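Summary of the model geometry
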Amino acid sequence: MAGRAVLLIPHRSDADNEGALPGDSRRILAIVREADGPVQVRAVGERLGLNTSVRGKLEPLRAKMTKLADRGRLHKRPDGRFTARP
């Protein structure tokens, strides 16, 4: 956008409204919230209908989930699994 960087996933404090997030990010958040506990990227990929047998198909999803964690919308545990933020 005219030489400016656009932040597609705003920091949690900047926009608490999830409607500001892209649709795939909202689906990821919903899947993690519905889980009984911490979830692996593979489990989220299966729920999204991705081919989880190919590792390369999961890496873009892992990047999206890590970005959501960096922005304060998810929590990334040291073991690589994700949980929802309260």
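From a predicted model like this one, the values you see are computed outputs, not experimental measurements.

Calculation notes
Residues numbered from 1 in each chain as written. Predicted model: local features only at pLDDT ≥ 70, side-chain atom pairs only at ≥ 80, totals over all residues. Heavy atoms only, no water. Helix = DSSP H or I, 4+ residues; strand = E, 2+ residues; numbered from the N terminus. Buried < 20%, exposed > 50% of the residue type's maximum accessible area, 1.4 Å probe, protein only. Contact = heavy atoms within 4.5 Å. Areas by Shrake-Rupley, 256 points an atom, 1.4 Å probe, with all protein chains shown as cover. Core = buried A, V, L, I, M, F, W, Y, C linked by side-chain atoms within 4.5 Å. Axes fitted to C-alpha atoms, helices over the stretch in contact; angles between N-to-C directions. Parallel < 35°, antiparallel > 145°, perpendicular 65-115°, else oblique. Nonpolar A, V, L, I, M, F, W, Y, C, P; charged D, E, K, R; others polar. Expected span 1.5 Å × (residues − 1). Arc of directions from axis to C-beta. Salt bridge = Lys/Arg side-chain N within 4 Å of Asp/Glu carboxyl O.

**What about the overall build of the protein?**
Looking only at helices and strands, the protein features 3 helices and 2 strands. For the protein, the sequential pattern of α-helices and β-strands runs α-α-α-β-β. Here the protein holds 86 residues, and 29% of them are scored as buried. Put simply, of all contacts in the protein between residues at least 6 apart along the chain, 44% involve residues at least 24 apart. A total accessible area of about 5600 Å² is found for the protein, and carbon and sulfur atoms account for 49% of it.

**Description of the nonpolar core**
Counting 15 residues, the largest nonpolar core has Ile28, Val32, Val44, Leu61, Met65, Leu74 and Phe82 as the members making the most contacts within it. Taken together, the elements giving at least two residues each to this core come down to helix H1 (23–34), helix H2 (41–48) and helix H3 (55–70). The biggest single contributor to this core is H3, with 5 residues. Apart from residues no more than four positions distant in its own chain, Leu74 is found in contact with Ile28, Leu29, Val32, Met65, Leu68, Ala69, Phe82, Thr83, Ala84 and Arg85.

**Digging into the packing of H2 against H3**
It is at 10 Å that the axes of H2 and H3 come closest, and there the two elements cross at 110°. The angle between H2 and H3 falls in the class roughly perpendicular. Residues Val41, Arg42, Val44, Gly45 and Leu48 of H2 pack against Leu58, Leu61, Arg62 and Met65 of H3. Broken down by class, the residue content of the contact of H2 with H3 amounts to 6 nonpolar, 1 polar and 2 charged.

**Structural notes on H1**
With 12 residues, H1 extends 17 Å from end C-alpha to end C-alpha; this agrees with the ideal 16 Å at 1.5 Å per step. Taken together, the buried positions of H1 are Ser25, Ile28, Leu29, Ile31 and Val32. The arc that holds every buried residue of H1, seen down its axis, measures 160°, which confines them to one face. On its buried side, H1 packs onto H2, H3, strand S1 (74–76) and strand S2 (82–84).

**Topic: the pattern of salt bridges**
Tallying each qualifying case throughout the model produces 5 salt bridges. Two residues, Lys64 and Asp24, come together in a salt bridge whose shortest N-O distance is 2.5 Å. Taken together, the residues span a long stretch of sequence, with Lys64 in helix H3 and Asp24 in helix H1 at a distance of 40 residues. By relative accessible area, Asp24 is classed as partly exposed at 23%. Arg47 is the salt-bridge partner of Glu34, the closest N and O atoms lying 2.9 Å from each other. A residue pair is termed long-range when its members are at least 10 positions apart, and Glu34 in helix H1 and Arg47 in helix H2 qualify at 13 residues. Comparing Glu34 with Arg47 shows no difference in burial state: the two are exposed.

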